[in-house]
Amino acid sequence: MPALTLAHLHRELGGDLQGDAQILIRACASLEHAATDQLSFVVGSKFLAQAQSSRAGVLIAPRSLQPNLPGNVLWVDNPHATFARALQLLHPEPLPMLGVDPQANVSPLATLGAEVRVAAGAVIAQGADIGAGSVIGPMAYVGPDARLGRNCQLHARATVEH
């Protein structure tokens, strides 16, 4: 997992920053379980007391709660959406290895662009064309003559057919 400063999170997520911009955040957690190197969020005044007693290093909070929270806070309009984006930054989905996993089944009549990643169990049928930089997840299926553009991502068990 990456460790990101509050300043970096602020640049990526927007909002108004309060507190130490250089604090390092390594993960996300719930209000009650968060540690000082973790990020959590609060959505409204109903959870204000819990947020005030949280050990979270940074809180994402709605602007409507200002100035009720001390410490490191990212004040935003939509805490749910902002926390979801923070999860993606702090807990990125692991990518399959570059190239084709030995347990994938790729037709010799399929075309794979540069830097494509094909995970174990994926099937790419004849005539399929996978654009450069694309990621084909575990057990995904790309049917005959299907075409994916550059930098596409098929998650586990996804199916694309022509």
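Nothing here was measured: the structure is a model prediction, and the numbers come from that model.

(A) Looking closely at the overall build of the protein chain. Secondary structure summary: the protein chain contains 3 helices and 18 strands in total. With respect to the principal axes defined by its C-alpha atoms, the protein chain has extents near 60 × 25 × 25 Å. Taking all 162 residues of the protein chain together, the buried fraction comes to 41%. Taking all contacts inside the protein chain whose residues are at least 6 apart in sequence as the whole, residues at least 24 apart take part in 23%. Computed over 10 positive and 12 negative side-chain charges, the inter-centroid distance for the protein chain is 4 Å.

(B) Layout of the packing of helix H1 (residues 6-13) against helix H3 (residues 79-90). Relative orientation of the contacting elements H1 and H3 amounts to 120°, with a least axis distance of 11 Å. One finds that H1 runs oblique with respect to H3. The two elements H1 and H3 meet at a crossing, and its hand is right-handed. Where H1 approaches H3, its residues Leu9, Glu12 and Leu13 are matched on the opposing element by Thr82, Arg85, Ala86 and Leu89. By residue class, the composition of the contact of H1 with H3 is 4 nonpolar, 1 polar and 2 charged.

Cut-offs applied
Residues numbered from 1 in each chain as written. Predicted model: local features only at pLDDT ≥ 70, side-chain atom pairs only at ≥ 80, totals over all residues. Heavy atoms only, no water. Helix = DSSP H or I, 4+ residues; strand = E, 2+ residues; numbered from the N terminus. Buried < 20%, exposed > 50% of the residue type's maximum accessible area, 1.4 Å probe, protein only. Contact = heavy atoms within 4.5 Å. Lys, Arg positive; Asp, Glu negative; His and termini not counted. Charge placed at Lys NZ, Arg CZ, Asp CG, Glu CD. Axes fitted to C-alpha atoms, helices over the stretch in contact; angles between N-to-C directions. Parallel < 35°, antiparallel > 145°, perpendicular 65-115°, else oblique. Left-handed = near helix turned anticlockwise from the far one by under 90°. Nonpolar A, V, L, I, M, F, W, Y, C, P; charged D, E, K, R; others polar.

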